[in-house]
Amino acid sequence: MKLAPLSAVAFAIGATAAAQDVYTVDGIQVSILGRSLVALPDLDGDGIAEWASGEPRYALTRGRVRVHSGATGAMRFEIVGDVDEMFGVDVVGVGDLNGDGVPDLAVGSEYDSRTLPTAGRASIHSGVDGALIRELGSPGLEDRHGAAIVAMDDVDGDGVPDVAVTTLREDGATFNVGAVRAYSGATGAELYRVEGDTANDLFGVTLALGDDLDGDGLRDLLVGDTADTPGEVHVLSAATGSTLLRIQANDLSESSRFGSTIENVGDQDGDGIDDLLVGAPSDSTSAHLAGLVRLVSGATGGTLLEWQGLTLEDALGSSLGSVADVDGDGRRDFVVSARRADLGDARTGYVSVFSSVDGARLRMWIGRPGSEYGTDVAVLGDANGDGVDDVLIGALASTSGAPTPHRVHLASGAFSTARTFCHATAALGCPCGTPSDEGGCRNSDGESAKLFAHGSTSLATDDVTFHAVDLDPLGFLMLVMGTGSGQTPVGNGVLCLGGTLTRTTPVFYGITPPTVRIGPGLPEQLQISAGTTTYFQGWYRDTQDPCGGGSNLTSALAIRWAP
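Cut-offs used in this document
- Residues numbered from 1 in each chain as written.
- Predicted model: local features only at pLDDT ≥ 70, side-chain atom pairs only at ≥ 80, totals over all residues.
- Heavy atoms only, no water.
- Pairing = 2+ DSSP bridges.
- Helix = DSSP H or I, 4+ residues; strand = E, 2+ residues; numbered from the N terminus.
- Axes fitted to C-alpha atoms, helices over the stretch in contact; angles between N-to-C directions.
- Contact = heavy atoms within 4.5 Å.
- pLDDT = per-residue confidence, 0-100.
- Buried < 20%, exposed > 50% of the residue type's maximum accessible area, 1.4 Å probe, protein only.
- Lys, Arg positive; Asp, Glu negative; His and termini not counted.
- Salt bridge = Lys/Arg side-chain N within 4 Å of Asp/Glu carboxyl O.
- Polar contact = N/O pair within 3.5 Å; in protein donor to acceptor, adjacent residues only side chain to side chain.
- Core = buried A, V, L, I, M, F, W, Y, C linked by side-chain atoms within 4.5 Å.

### Focus: the sheet that holds strand S9 (residues 132-135)
Here is step 1: Pairing in this open sheet of four strands is antiparallel, and the strands run S6-S7-S8-S9 from one edge to the other. Where the open sheet ends on each side, the last strands, each with one partner, are strand S6 (90-95) and S9. Here the strands of the sheet are splayed against their neighbours by 25° on average, with no regard to which way each runs.
Here is step 2: Looking at chain direction, strand S8 (residues 122-125) and S9 are connected through three bridges and run antiparallel. Each residue of the ladder has a partner; that of Ser123, found in S9, is Glu135.

Here's what the structure looks like:
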């Protein structure tokens with residue numbers, strides 16, 4: 001089943017907040033703060049979950065992990081690595097392993113070169129103060145031990161959770177086959193080892209926990225394997241490491257890296273087995289390196305829903321998450337990032353929330369130019385007390401141009417700059433009979449154009465930015481604002497605006513990329529009052545549309561404005 005149309009979806013728009021972020025936390029230049037993010041339990045008793053961030057380029061090659069207050073973002077403590085360790089490439093919560101009643105941390109440093117070049121390291125640290133509890137494994141030359149880590153259930157029955165660790169480039173039956181090991185959380189002893197199938201397999205590039213397919217009372221181990229074209233997910237018995245299921249995607253483009261990211265999202269198809277989100281950020285099915293994400297059955301691996309990137313080189317599926325119900329249908333929804341998306345500026349990046357029922361886009365947070373917004377995401381829970389889960393989002397920079405501190409955003413789950421309220425469908429009727437499967441009327445390039453917005457809904461702040469994608473090449477776009485909504489056939493599209501219409505200055509664009517940015521800041525032609533809702537749509541040239549009208553329209557947005 002493919003992604004449902006971007007249709008009329010009801011949700012709050014700016015009524016609860018005029019700002020996209022609850023707060024932000026900055027690192028230093030080139031530190032790669034936000035390379036790894038994880039939500040932790042409430043460590044300080046304030047009722048709000050804490051979080052940790054990996055910063056592997058801190059002090060050039062040392063790296064560090066910081067644990068932050070979920071309420072304020074303030075640092076509780078930090079763990080700094082040694083020279084040439086690049087500490088903090090991966091960080092996860094692993095439960096209480098030392099018996100002090102506080103959940104602990106596991107940290108992966110796959111490029112650690114202190115003893116041998118890129119041997120890697122995996123270590124367990126106290127959740128109280130970051131003190132080292134133990135190291136896991138004895139990696140060899142260029143093994144890249146600690147490339148991925150996941151907390152497991154109690155595999156060995158000693159009452160303490162256990163841990164799985166990837167050694168990504170370890171030699172086995174063949175060169176660089178890669179291996180995943182399960183370790184005792186209590187002692188660090190190796191419980192079992194599973195290796196990949198072929199040379200340079202990248203077996204274990206990501207790890208996660210699934211359901212219990214073999215009925216042994218333990219959640220199964222999910223292992224991403226992206227070197228096997230186009231990639232796959234192995235479901236392994238947590239007790240023994242034996243293979244229970246292989247989830248493949250042989251219909252995708254080569255080098256899709258299917259299995260680069262995996263998220264357990266609970267039972268979505270009603271069969272009693274948890275289902276999975278699987279990312280393929282290098283997939284080129286829809287466009288070169290646009291990326292793709294699939295919701296797959298945890299029981300069979302069959303595809304339930306699918307999303308594709310918006311533009312060239314989006315890398316949709318860079319990171320994944322799951323949030324409490326956003327659209328009121330009683331089901332959890334999905335968080336998906338596209339860190340390399342070009343929305344009018346190179347590597348802007350965006351993070352979307354999609355409905356788990358029909359795949360509709362419910363939220364969209366967009367980064368600043370050059371920020372690679374969405375390097376990692378982690379769902380923190382409700383940090384600001386508005387009843388909606390908030391989302392941690394990593395970004396490698398805040399603006400384009402000169403180097404800037406790398407940043408973690410806590411994005412407000414209740415905030416959305418705009419909602420898509422109209423996108424012509426078969427039901428609404430495209431004037432030329434060219435509806436797209438994803439909603440809208442296809443242009444002469446075969447796409448249905450979409451309009452998005454990000455930034456504050458505060459008129460005083462005035463930093464809202466509009467992005468139009470999937471336009472017909474070689475033309476111009478005019479942003480139009482209406483004081484009301486409507487449905488009027490125009491050219492090859494449907495004008496969803498009504499009331500008084502105001503046109504802005506056209507923006508001309510070339511062949512590639514057919515993506516246009518307007519802003520930040522409202523065009524000077526627009527006069528808007530606080531407390532009102534206005535409606536926006538892009539009108540653009542569609543030179544070869546079948547109706548001969550020479551124009552088409554994007555999806556339409558509604559924005560409620562704050563002072």
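### Overview of the environment of Arg35
Here is step 1: Here Arg35 lies in the loop between strand S1 (21-26) and strand S2 (36-39).
Here is step 2: Between the alpha carbons of Arg35 and Ile393 there is a distance of 9.8 Å; along the sequence they are 358 residues apart.
Here is step 3: Not counting residues up to four positions away in its chain, the partners in contact with Arg35 are Gly54, Pro56, Val89, Glu110 and Asp376.

### Points about the confidence of the model for the protein
Here is step 1: On average, residues of the protein score 88 in pLDDT, and 93% of them reach the 70 mark or higher.
Here is step 2: Segment residues 1-18 is flagged for pLDDT under 50; beyond a separation of four residues in sequence, or across chains, it makes 57 contacts in the model.

### Considerations on the side chain of Asp220
Here is step 1: Along the chain, Asp220 falls in the loop between strand S14 (203-209) and strand S15 (221-225).
Here is step 2: Buried charge without a partner: Asp220 forms no salt bridge, and the closest opposite charge is Arg219, 9.2 Å away.
Here is step 3: Within the structure, the side chain of Asp220 is placed 2.6 Å from the backbone nitrogen of Leu213, a separation counted as a polar contact.
Here is step 4: In this view, Asp220 contacts Ala208, Leu209, Gly210, Asp211, Asp212, Leu213, Asp214, Val235, Leu236, Ser237, Ala238 and Leu244; residues no more than four positions away in its chain are not counted.

### Looking at the nonpolar core
The nonpolar side chains of a soluble globular protein tend to be buried with one another.
Here is step 1: Core analysis: the biggest nonpolar cluster contains 22 residues, and Phe466, Leu471, Leu477 and Phe536 have the highest contact counts within it.
Here is step 2: Mapped by element, the contributors of at least two residues to this core are strand S30 (450-454), strand S31 (465-469), strand S32 (475-490), strand S35 (516-518), strand S36 (533-541) and strand S37 (551-560).
Here is step 3: Looking at which element gives the most residues to this core, the answer is S32, with three residues.
Here is step 4: Core analysis: the next-biggest nonpolar cluster, separate from the first, contains 20 residues, Leu305, Trp307, Tyr350 and Phe452 among them.

### So, the pattern of salt bridges
Here is step 1: What the rule picks out here adds up to 24 salt bridges.
Here is step 2: Residues Asp153 and Arg219 are paired through a salt bridge, measuring 2.7 Å at the closest nitrogen-oxygen approach. Taken together, the positions of Asp153 in the loop between strand S10 (145-151) and strand S11 (163-167) and Arg219 in the loop between S14 and S15 put the pair 66 residues apart, joining distant regions of the chain.
Here is step 3: For the salt bridge of Glu372 with Arg339, the shortest nitrogen-to-oxygen distance reads 2.5 Å.

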